[in-house]
Amino acid sequence: MRAAVAREFGKPLEFDDRVVPLPHGFEALVRVEYTGVCHTDLHAVGGDWPVKPALPFVPGHEGVGRVVAVGHEVTSLKVGDRVGNAWLWSACGECEYCTSGRETLCPVQRNSGYTVDGSFQDYMLVDSRYAARIPESLDPARVAPILCAGVTVYKGLKTTGARPGQWVVVSGIGGLGHLAVEYAVAMGLDVVAVDVADSKLVLARELGATFTVNAAKTDAAAEIQREIGGAHGVLVTAPSEAAVAQAVRMARRGGTISLVGLPSGTFPVSVFDTVLNGLTIKGSIVGTRGDLAEALDLAARGKVHATVTKHPFADVNRVLDDMRDGRILGRVVLELAGDLAREEAGYPTRQFANA
Ligand code: NAD
Ligand code: ZN
Ligand code: ZN
């Protein structure tokens, strides 16, 4: 099978011909149909973060496919089920975080495409206890981005505590941010979209943002304070320290800034403003299996539709370059088995208008 492998940080992925692995214990083997490409894959391949993945590794944590084999302990999945690999590949299930609904903080968690080989390959292993169940009604290409981008922003928006009718800023309208606009609208929030590219802001307006600000052209925080008196919640998806520093100034008094974008650096915060304005600054990391089930359910009920462009798997390095240069609108989804696998497995092949 084909596997796109990171062998050296900062270098293009190399295509290897690998032996299809066998599932053991609670593992299931999945034939990958589609996988989203997340900016986290770019950070992983670049070795950007303080905790680096061990080389070589296969990136990818928005993979969708059908189960083709299961380990002997698997009871919750069967051959033919459509599942996804989320960033949270597995957790211990026993620590203080796992037992209190905070499994994404488990200190011994394993992560798809980082500490466990991910979905940039024809077949991937998932842990049946943590794999996402994909509703059959959903187009597998368009559901892929929900597995990381969707659940992350859905959880991040909940983390702001903003209530229906209140204002939320989404800073960074990329793979995560465009879905954040849709989840926020579905949650009854009024959205201000911020990006540095006008094309992203056009998409944000199409998806329901009330107004948009180009942070490259104007002091976005000053404009948001002037227009709405600051937002109740601010969700920062931009992989930019400058965007984080600016986002703190976009909140209204008592507001919460939820950080999900992961630039590796630091940002300055005014202690005085934080105290006097009663601000809360929180980090938010992906979502639990429960959050993911909710995020998928909202997609299955037609409230969010990822904007995706399909590319052949062979294009993966070009897609990573495009992402680095900010040229992607919405999410790119790589096609691995795609329709072919559905036909081979005896499932009907369907066409989706916008996929
Ligand atoms: P992306 O490349 O698709 O989108 C990033 C967007 O940010 C682009 O539209 C870009 O134009 C915009 N941007 C860049 N600089 C900006 C600035 N100064 N102000 C406003 N917008 C700006 O990336 P993505 O896949 O959406 O991922 C975004 C970040 O989120 C990455 O750092 C990724 O690692 C991180 N991430 C975090 C989690 C988590 O659980 N916390 C999960 C997934 C991804
Ligand atoms: Zn991701
Ligand atoms: Zn744990």
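Rules used throughout
- Residues numbered from 1 in each chain as written.
- Chains lettered and ligands numbered in written order.
- Predicted model: local features only at pLDDT ≥ 70, side-chain atom pairs only at ≥ 80, totals over all residues.
- Heavy atoms only, no water.
- Helix = DSSP H or I, 4+ residues; strand = E, 2+ residues; numbered from the N terminus.
- Rg over C-alpha atoms; globule rule 2.2 N^0.38 Å.
- Buried < 20%, exposed > 50% of the residue type's maximum accessible area, 1.4 Å probe, protein only.
- Lys, Arg positive; Asp, Glu negative; His and termini not counted.
- Charge placed at Lys NZ, Arg CZ, Asp CG, Glu CD.
- Axes fitted to C-alpha atoms, helices over the stretch in contact; angles between N-to-C directions.
- Parallel < 35°, antiparallel > 145°, perpendicular 65-115°, else oblique.
- Left-handed = near helix turned anticlockwise from the far one by under 90°.
- Contact = heavy atoms within 4.5 Å.
- UniProt positions renumbered as here; feature names shortened; annotations may be inferred.
- Near = heavy atom within 4 Å.
- Polar contact = N/O pair within 3.5 Å; in protein donor to acceptor, adjacent residues only side chain to side chain.
- Areas by Shrake-Rupley, 256 points an atom, 1.4 Å probe, with all protein chains shown as cover.
- Nonpolar A, V, L, I, M, F, W, Y, C, P; charged D, E, K, R; others polar.
- Domains from an automatic or database assignment.
- Donors = N, O, S within 2.8 Å, 3.2 Å for Na, K, Ca; no water.
- Buried area = accessible area lost by both parts, 1.4 Å probe.
- Salt bridge = Lys/Arg side-chain N within 4 Å of Asp/Glu carboxyl O.

### Some points on the overall build of the protein chain
Thought 1: Across its full length, the protein chain carries eleven helices and 17 strands.
Thought 2: Whereas a compact globule of 355 residues would reach a radius of gyration of roughly 20 Å, the protein chain reaches 20 Å, a difference of no more than 12%.
Thought 3: C-alpha extents for the protein chain along the principal axes are approximately 60 × 45 × 40 Å.
Thought 4: Here the protein chain, with 355 residues, has 55% of them falling under the buried criterion.
Thought 5: The average position of the 35 basic charges and that of the 40 acidic charges among the side chains of the protein chain differ by 4 Å.

### Focus: the packing of helix 3 (residues 149-160) against helix 4 (residues 175-186)
Axes are the key here: two packed helices are described by the angle between their axes and the distance separating the axes.
Thought 1: One can describe the packing of helix 3 onto helix 4 by two numbers: an axis separation of 8 Å at closest approach and a directional angle of 55°. Viewed along their axes, helix 3 and helix 4 adopt a mutual orientation that is oblique. When you trace helix 3 past helix 4, the crossing you get is right-handed. Counting all contacts with helix 3, which are made through Ala 149, Gly 150, Thr 152, Val 153, Tyr 154 and Leu 157, the residues of helix 4 involved are Gly 175, Leu 176, Leu 179, Ala 180, Tyr 183 and Ala 184.

### As for the UniProt feature "domain: Enoyl reductase (ER)" (unreviewed entry) in the protein chain
Thought 1: Mapped onto this numbering, the UniProt entry gives "domain: Enoyl reductase (ER)" (unreviewed entry) at residues 10-334.
Thought 2: Regarding residues 10-334, the helix share stands at 27% and the strand share at 25%, and the terminal C-alpha atoms are separated by 20 Å.

### Looking at the site of ligand 1
Thought 1: Every one of the 29 residues lining ligand 1 counts as a neighbour, but His 39, Thr 40, Asp 195, Val 286 and Arg 331 are closest to it.
Thought 2: Note that an oxygen atom of ligand 1 is positioned 2.8 Å from one of the side-chain N or O atoms of His 43.
Thought 3: Take Leu 176: an N or O atom from its main chain is 2.8 Å from an oxygen atom of ligand 1.
Thought 4: Alone, ligand 1 offers 880 Å² of accessible surface; in the complex the protein occludes 91% of this.
Thought 5: Broken down by secondary-structure element, the contributors of at least two residues to the shell around ligand 1 are helix 1 (39-46) and helix 4.
Thought 6: Looking at side-chain class alone, the shell around ligand 1 contains 14 nonpolar, twelve polar and three charged residues.
Thought 7: When residues are assigned to domains, the shell around ligand 1 turns out to be shared by domain 1 (2-147 + 287-346) and domain 2 (149-283), each giving three or more.

### Describing the coordination of the zinc ion (ligand 2)
Thought 1: In the first shell of the zinc ion (ligand 2), the protein supplies Cys 38 (SG), His 61 (NE2) and Cys 148 (SG), at 2.0 to 2.2 Å from the metal.
Thought 2: Sequence positions of the donors to the zinc ion (ligand 2) reduce to the motif C-x22-H-x86-C. One end of the pair, Cys 38, is in the loop between strand 3 (27-36) and helix 1; the other, His 61, is in the loop between helix 1 and strand 4 (63-70), with 23 residues separating them in the sequence.
Thought 3: You can call Cys 38 buried: its relative accessible area is 2%.

### Here's the deal with the domain arrangement of the protein chain
Thought 1: Split into domains, the protein chain comes out as domain 1 (2-147 + 287-346) and domain 2 (149-283).
Thought 2: Just the C-alpha atoms count here: the centres of domain 1 and domain 2 sit 26 Å apart.
Thought 3: Taking both partners together, domain 1 and domain 2 bury about 1,900 Å²; carbon and sulfur atoms supply 60% of that area.
Thought 4: Of all residues in domain 1, the largest losses of buried area upon contact with domain 2 belong to Asp 291, Val 304 and Leu 329, amounting jointly to 21% of the total for that side.
Thought 5: Inspection of the domain 1/domain 2 interface yields three salt bridges.

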